[in-house]
Amino acid sequence: MAYKLLFRASFRKDLKKISSDAVRRVVTRVDELAADPFPREAKKLRGHESLYRLRIGHYRVVYSVDAGVKVVALIYVRHRKDVYRGL
């Protein structure tokens with residue numbers, strides 16, 4: 001059974017700030033998270049119980065997974081220099 005993708009307002013706002021080419025790459029990779037929320041290249045963030053990051057070029061997608069209800073909550077997509085500030 002596939003996971004449901006939940007796009008937070010912060011994720012949608014961040015998508016508006018990046019180039020259209022990068023948005024296409026991000027959306028393609030994010031769609032794959034519905035089938036497999038723990039891909040090989042995803043890393044668990046230290047200090048956070050259920051946060052993961054996915055590297056897509058110069059951008060990082062920060063998301064959380066709730067396996068009990070099968071939901072992947074997409075939190076941020078930001079440039080690698082800015083993504084970890086404020087977590």
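Just above, that's the structure.
Here is a short report on the structure shown in this document.

Rules and cut-offs
- Residues numbered from 1 in each chain as written.
- Predicted model: local features only at pLDDT ≥ 70, side-chain atom pairs only at ≥ 80, totals over all residues.
- Heavy atoms only, no water.
- Salt bridge = Lys/Arg side-chain N within 4 Å of Asp/Glu carboxyl O.
- Helix = DSSP H or I, 4+ residues; strand = E, 2+ residues; numbered from the N terminus.
- Buried < 20%, exposed > 50% of the residue type's maximum accessible area, 1.4 Å probe, protein only.
- Pairing = 2+ DSSP bridges.
- Contact = heavy atoms within 4.5 Å.
- Axes fitted to C-alpha atoms, helices over the stretch in contact; angles between N-to-C directions.

So, on to the pattern of salt bridges. Going through the model one piece at a time under the given rule, you end up with 5 salt bridges. One salt bridge connects R29 with E41, and the closest N-O pair in it is separated by 2.5 Å. With a gap of 12 residues between them, R29 in helix α2 (residues 20-33) and E41 in the loop between α2 and β2 (43-44) connect regions that are remote in the sequence. For R29, a relative accessible area of 21% corresponds to the partly exposed category. Connected via shared salt-bridge partners are D21, R24 and R25.

Read across the open sheet, the 5 strands follow the order β1-β5-β4-β3-β2; overall the sheet is mixed. Sheet topology places β1 (4-7) and β2 at the edges, where each strand pairs with a single neighbour. Relative to strand β5 (residues 71-79), helix α1 (residues 9-17) is tilted by about 35°, and along the sheet it contacts β1, β4 (59-66) and β5. Lying over the sheet, α2 contacts β1, β3 (51-56), β4 and β5, oriented at roughly 135° with respect to β3.

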